[in-house]
Amino acid sequence: MAKLLLLHAPHVLPKFSSGSWSLVSALALYRRPLLVNPQFSHIGHRIRSPYNRRFSARAFDDSPVSSTEMEKEQQEQPRDGVSRERNEDYPTGEMEYENRNAWESLVVKLKMLIAFPWQRVRKGSVLTMTLRGQISDQLKSRFSSGLSLPQISENFEKAAYDPRIAGVYLHIEPLSCGWGKVEEIRRHILDFKKSGKFIVGYIDICGLKEYYIGCACNELYAPPSAYSFLYGLTVQASFLGGAFEKVGIEPQVERIGKYKSAGDQLSRKNISKENYEMLSVLLDNIYANWLDGVSVSTGKKQEDVESFINQGVYEIEKLKEEGLIKDIRYDDEVILMLKERLGVKKDKKLPTVDYKKYSGVRKWTLGLTGGRDQIAIIRAGGSISRVKGPLSTPGSAIIAEQLIEKIRSVRESKKYKAAIIRIDSPGGDALASDLMWREIKLLAETKPVIASMSDVAASGGYYMAMAANTIVAENLTLTGSIGVVTARFTLAKLYEKIGFNKETISRGKYAELLGAEERPLKPEEAELFGKSAQHAYQLFRNKAALSRSMPVEKMEEVAQGRVWTGKDAHSRGLVDALGGLSRAIAIAKQKANIPLDKKVTLVEISRPSTSLPDILSGIGSSVIGVDRTLKGLLDELTITEGVQARMDGIMFQQLGRDSLATPIIDLLKDYLSSLR
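Residues numbered from 1 in each chain as written. Predicted model: local features only at pLDDT ≥ 70, side-chain atom pairs only at ≥ 80, totals over all residues. Heavy atoms only, no water.

The chain appears in an unreviewed UniProt entry as Serine protease SPPA from Cardamine amara subsp. amara. Per its UniProt entry, the chain bears the Subcellular location (unreviewed entry) comment "Membrane". (UniProt positions renumbered as here; feature names shortened; annotations may be inferred.)

## Some words on helix 6 (residues 149-161)
Taking 1.5 Å per residue, 13 residues should reach 18 Å; helix 6 reaches 19 Å between its end C-alpha atoms and fits that length. Of all 13 residues in helix 6, eleven are buried; the element is thus mostly enclosed. Turning to helix 6, its buried residues number three or more, namely L149, P150, Q151, I152, S153, N155, F156, K158, A159, A160 and Y161. (Helix = DSSP H or I, 4+ residues; strand = E, 2+ residues; numbered from the N terminus. Expected span 1.5 Å × (residues − 1). Buried < 20%, exposed > 50% of the residue type's maximum accessible area, 1.4 Å probe, protein only.)

## Some points on the packing of helix 7 (residues 179-193) against helix 11 (residues 273-298)
Two elements in contact, helix 7 and helix 11, have axes whose closest approach is 13 Å; the angle formed by their N-to-C orientations is 15°. Put simply, helix 7 runs roughly parallel to helix 11. Judged by the twist between their axes, the crossing of helix 7 over helix 11 is left-handed. Every residue of helix 11 that contacts helix 7 at W179, E183 and R186 is listed here: I286, N289, W290, G293 and S297. Looking at the contact of helix 7 with helix 11, its residues break down into three nonpolar, three polar and two charged. (Axes fitted to C-alpha atoms, helices over the stretch in contact; angles between N-to-C directions. Parallel < 35°, antiparallel > 145°, perpendicular 65-115°, else oblique. Left-handed = near helix turned anticlockwise from the far one by under 90°. Contact = heavy atoms within 4.5 Å. Nonpolar A, V, L, I, M, F, W, Y, C, P; charged D, E, K, R; others polar.)

## Considering the nonpolar core
Membership of the largest hydrophobic core comes to 63 residues, with the highest contact counts inside it found for L170, Y211 and W290. Aside from chain neighbours lying at most four places away, what touches W290 is W179, L208, Y211, Y212, L230, V305 and I309. (Core = buried A, V, L, I, M, F, W, Y, C linked by side-chain atoms within 4.5 Å.)

## Topic: the sheet that holds strand 8 (residues 219-222)
With parallel pairing, six strands are arranged side by side in an open sheet as 12-8-6-5-2-13. Looking at the sheet topology across the chains shown, the edges are occupied by strand 12 (327-328) and strand 13 (352-354). Bridge count for strand 5 (residues 165-175) against strand 6 (residues 198-203) is six bridges, and the pairing is parallel. Across the sheet, the residue bridging to Y169 is V200, located in strand 6. Along the sheet face, helix 7 touches strand 2 (125-133), strand 5 and strand 6 and points at about 145° away from the line of strand 6. (Pairing = 2+ DSSP bridges.)

## Let's talk about the pattern of salt bridges
Scanning the model with the defined rule gives 31 salt bridges in all. Residue K493 is joined to E250 by a salt bridge in which the shortest nitrogen-to-oxygen separation is 3.5 Å. Taken together, the residues K493 in helix 19 (residues 492-498) and E250 in strand 11 (residues 250-256) connect sequence positions 243 residues apart. Looking at E250, the relative accessible area reads 31%, which means it is partly exposed. In this structure, the salt-bridge partner of D568 is R572, at a minimum N-O distance of 3.9 Å. When salt bridges with common partners are traced through the structure, they connect D137, R379, R422 and E604 into a single cluster. (Salt bridge = Lys/Arg side-chain N within 4 Å of Asp/Glu carboxyl O.)

## Looking at a nonpolar patch on the surface
A cluster of nonpolar side chains, W103, L106, L110, L113, I114 and W364, forms an exposed patch at the surface whose accessible area comes to about 690 Å². Note on placement: L110 falls in helix 5 (residues 102-113). (Patch = residues over 30% accessible without salt bridge, like charges linked within 9 Å, V, L, I, M, F, W, Y side chains within 5 Å. Areas by Shrake-Rupley, 256 points an atom, 1.4 Å probe, with all protein chains shown as cover.)

## Considering the UniProt feature "active site" (unreviewed entry) in the chain
Taking the numbering used here, the UniProt-annotated feature "active site" (unreviewed entry) corresponds to K260 and S459. A compact arrangement is adopted by the annotated residues: their sequence extent is 200 residues, whereas the largest C-alpha distance between any two is 11.4 Å. Structurally, K260 is set in the loop between strand 11 and helix 10 (261-267). Among the secondary structure elements, S459 is positioned in the loop between strand 19 (449-458) and helix 18 (460-465).

## Details of the pairing of strand 5
The buried fraction of strand 5 amounts to eight of the eleven residues, a majority that puts the element mostly inside the structure. When strand 2 meets strand 5, the two strands line up parallel, connected through eight bridges. Paired with S125 across the bridge in strand 5 is I165. In the classification by handedness, the crossover that spans strand 5, the intervening helix 7 and the parallel strand 6 is right-handed. (Right-handed = clockwise from strand over helix to strand, strands pointing away.)

## Let's talk about the packing of aromatic side chains
The final tally for this structure, using the stated rule, is twelve aromatic pairs. Seen from their ring centres, Y169 and Y202 are 6.4 Å apart, and the 70° between their planes marks the pair as edge-to-face. Highlighted residues: Y169 in strand 5 and Y202 in strand 6, separated in sequence by 33 residues. Each member of the pair Y169 and Y202 is classed as buried. One aromatic cluster in this structure is built from Y227, F229 and Y231. Above the plane of the ring of Y212 lies R186, whose end atom (NZ or CZ) is 4.4 Å from the centre. (Phe/Tyr/Trp six-rings, centres within 6.5 Å; stacked < 30°, edge-to-face > 60°. Lys NZ or Arg CZ within 6 Å of the ring centre and 35° of its normal.)

Listed below in structure tokens is the structure:
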């Protein structure tokens with residue numbers, strides 16, 4: 001770390017971001033210059049025109065916008081901000097299980113007879129799935145490791161209609177995904193239960209996310225030695241002001257937006273009143289949503305659930321006594337119970353099919369193919385960059401040039417009736433975000449476009465979503481983050497301590513603003529520094545206002561760099577509807593004038609590559625050493641040109657889960673999690 005401080009002199013960093021900065025990100029920013037561009041870290045429903053949102057050409061103009069011009073443009077646009085917020089009647093997209101008639105059942109049986117051997121499943125099988133760690137929002141090829149939310153969701157849907165599947169046995173282990181994905185998985189469990197088949201959960205480390213999913217099952221079991229961490233939630237904010245002071249680094253931060261906590265983390269030693277307010281509201285939203293979900297699933301009052309949490313229970317027996325789990329059993333005992341339920345002899349093996357194999361079963365085999373109308377799904381997950389970097393692996397980031405190509409292919413094709421942009425991104429490169437926004441806007445002029453948010457769609461992620469006709473988010477999606485912070489580091493004291501000297505010769509009044517870190521800013525330089533940040537913020541905010549058909553004054557109230565949950569964003573007009581991908585599909589059908597009860601074919605535009613180079617790239621990235629990965633990451637970040645517009649990671653933790661972690665490890669985890 002010390003070598004980085006000595007070798008890489010800090011320059012100015014304007015950044016749209018929110019949440020926590022980390023030591024890694026702070027060190028990696030030292031070589032970035034000042035850039036003043038904006039950064040962006042089912043039945044009976046009323047149907048409006050699918051192209052109901054107009055966009056102003058002013059959104060592409062960097063010139064100042066007067067209040068008179070803004071008012072005129074807002075009057076010309078449909079004033080539907082309030083109607084979307086309060087009165088818009090969107091279809092729910094809720095699954096309605098339909099029993100098959102004799103003919104449909106016969107057709108499915110015939111298809112299963114001619115299925116490939118690797119797609120055949122024994123009758124009376126139990127689908128086994130293990131949820132753990134990170135869950136990607138991207139599709140994965142058969143050569144990829146890890147879990148994929150689209151494939152988990154599809155497996156639940158297939159299993160509900162598959163006559164060979166008797167039920168689901170779900171192992172739930174510690175999860176590292178966000179609450180948006182947790183909510184989506186829980187929704188699919190509840191939908192699966194409508195089929196009348198059983199779903200049994202098994203949990204050995206009981207945290208809040210894990211239990212939130214597990215309690216939605218018909219039955220939940222745990223071994224006698226299971227750990228219970230149902231203690232509550234924490235949110236952490238880290239500050240580098242004191243550390244910088246000790247080593248002689250003086251951050252000069254220009255923060256536009258009172259909730260832009262990224263600047264605080266560089267300059268402050270403790271949390272600001274505004275940051276405390278924002279994080280407290282986010283925490284309250286998550287906690288209230290958890291209490292509500294558990295209350296509904298267990299049939300207990302919310303106050304009783306909260307009272308149990310506040311007792312600090314660690315014995316798994318207490319969960320059984322309170323009716324929070326069905327029973328205490330080992331895995332083999334649960335399997336024995338399932339054998340008895342399915343009439344399998346004790347000395348015989350329980351017929352099962354695992355997640356990997358069942359993911360290969362085609363929906364066509366089960367009669368679940370769609371109709372003639374097609375809706376394109378374009379998945380955009382990860383940190384945003386313009387071009388593919390040396391550490392990029394397939395599906396790990398949003399590469400603008402690749403995504404733009406896919407967006408254009410959908411726009412130019414007449415076979416797609418609508419498109420869904422599925423976003424799971426904290427942002428990234430500002431220019432890349434803007435270029436993709438432009439392409440999504442052009443797509444929205446030719447056919448309905450629905451933005452569906454997963455765990456996070458903030459800063460650059462939200463910037464992309466603004467171009468869609470309708471935005472759908474989960475209750476706990478982290479979104480918004482419309483603000484700007486510009487930071488410059490003065491190293492005069494550090495240089496003095498280590499005996500280092502640097503002389504700068506320049507031409508041009510403001511030339512040294514980019515690189516003279518050996519001295520503080522002159523008054524005229526500080527003035528330009530502040531004006532450039534204010535200009536960048538106004539561009540971002542005004543574009544957001546125009547995209548959302550909202551007066552600038554109202555957008556200013558919800559901007560200020562504040563991160564919102566999807567629920568709060570919905571009530572403030574930043575989001576149109578709450579729900580998952582199924583609701584986005586239903587809205588897309590509505591906007592495209594497709595009857596809601598009519599089947600459609602969903603075409604995944606972002607399918608994983610099966611080419612040999614990409615496969616080898618994925619394998620290589622999975623075996624590379626941690627030290628090389630971190631070194632390469634730092635090298636890549638320090639040489640990146642352009643504005644980075646991301647919402648840095650906000651760490652919501654379950655109390656007790658990371659008690660052995662040090663602050664430095666937390667900072668590293670915090671930054672790396674923001675790149676996922």
